[in-house]
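Structural characterization, general
Chain by chain, the residues:
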Amino acid sequence: MVMMGGVVVGVSISPTSISDHSAASSWTFGSVTVTVLNGTASSYTWSFSGENFGTYAITSGAGTATATAHVDVSFGSNTTANMDCAVVVNGITYNKTCALSYTIAP
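What comes next concerns the included structure. (Residues numbered from 1 in each chain as written. Predicted model: local features only at pLDDT ≥ 70, side-chain atom pairs only at ≥ 80, totals over all residues. Heavy atoms only, no water.)

What follows deals with the environment of Tyr-44. Looking at where Tyr-44 falls in the secondary structure, it is placed in strand S6 (residues 41-52). A residue is classified by how much of its surface remains accessible, and Tyr-44, at 18% relative accessible area, is buried. The sequence separation of Tyr-44 and Thr-93 amounts to 49 residues, and the corresponding C-alpha distance is 9.5 Å. Residues contacting Tyr-44, with those up to four places away along its chain left out, are Val-34, Val-36, Gly-63, Thr-64, Ala-65, Cys-85, Ala-86 and Val-87. (Helix = DSSP H or I, 4+ residues; strand = E, 2+ residues; numbered from the N terminus. Buried < 20%, exposed > 50% of the residue type's maximum accessible area, 1.4 Å probe, protein only. Contact = heavy atoms within 4.5 Å.)

So, on to unusual backbone geometry. The omega torsion of the bond from Ser-14 to Pro-15 falls at -5 degrees, within 30 degrees of zero and hence cis. Looking at where Pro-15 falls in the secondary structure, it is placed in the loop between strand S2 (7-14) and strand S3 (17-22). At Asn-38, a residue that is not glycine, the phi angle is positive and equals roughly 65 degrees.

Here we take up the side chain of Asp-84. Positionally, Asp-84 belongs in strand S9 (residues 78-89). Of the side chains with opposite charge, Lys-96 comes closest to the buried, unpaired Asp-84, at an N-O distance of 11 Å. Side chain to side chain, Asp-84 and Ser-49 meet in a polar contact 2.7 Å long. Not counting residues within four places of it along the chain, the set of residues in contact with Asp-84 comprises Thr-45, Trp-46, Ser-47, Phe-48, Ser-49, Lys-96 and Thr-97. (Lys, Arg positive; Asp, Glu negative; His and termini not counted. Salt bridge = Lys/Arg side-chain N within 4 Å of Asp/Glu carboxyl O. Polar contact = N/O pair within 3.5 Å; in protein donor to acceptor, adjacent residues only side chain to side chain.)

Burial of strand S8 (residues 66-73) is extensive: 6 of the 8 residues sit out of reach of the surface. Joining the antiparallel neighbours strand S7 (residues 54-60) and S8 is a turn of 5 residues, in which Gly-61 adopts a positive phi near 90 degrees. (Pairing = 2+ DSSP bridges.)

On to the environment of Gly-54, then. By secondary structure assignment, the location of Gly-54 is in strand S7. On a C-alpha basis, the gap between Gly-54 and Ala-81 in space is 8.3 Å, while along the polypeptide they are 27 residues apart. Dropping the residues within four chain positions of it, Gly-54 is found in contact with Val-71, Asp-72, Val-73, Ser-74 and Thr-79.

By the definition in use, this model includes 0 disulfides. Note on Cys-98: no disulfide assigned, nearest cysteine sulfur contributed by Cys-85 at a separation of 11 Å. (Disulfide = S-S within 2.5 Å.)

In space, the 4 strands of this open sheet follow the order S3-S10-S9-S6, with mixed pairing throughout. At either end of the open sheet lies a strand with only one pairing partner, and these are S3 and S6. For this sheet the average axis-to-axis angle between neighbouring strands, irrespective of direction, equals 20 degrees. The pairing of S3 with strand S10 (residues 92-104) spans 6 bridges and is parallel. Bridge pairing in S10 places Asp-20 opposite Tyr-102. (Axes fitted to C-alpha atoms, helices over the stretch in contact; angles between N-to-C directions.)

Below is the structure:
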């Protein structure tokens with residue numbers, strides 16, 4: 001939270017983590033939403049960091065407050081990554097992260 005002109009601005013992400021499994025070698029996760037309290041976001045930039053054994057992409061919601069990620073598993077049966085969102089509110093960038101985990105399991 002940051003005080004802007006006497007008003008506290010808060011930025012949160014929900015959920016903070018998603019862990020899924022299925023028998024498929026690719027998977028689309030549930031949506032992730034960034035919420036801004038007492039401010040107006042001028043941009044949302046979604047990206048991934050720390051990808052392990054998977055190719056990640058934003059399948060919907062790029063540039064908006066709610067986005068959905070997809071993974072294609074490239075090696076083994078488990079993949080993890082961070083789904084990051086850089087939100088600009090009143091000229092200040094807030095970085096929020098949702099941890100993603102997917103396991104191929106029958």
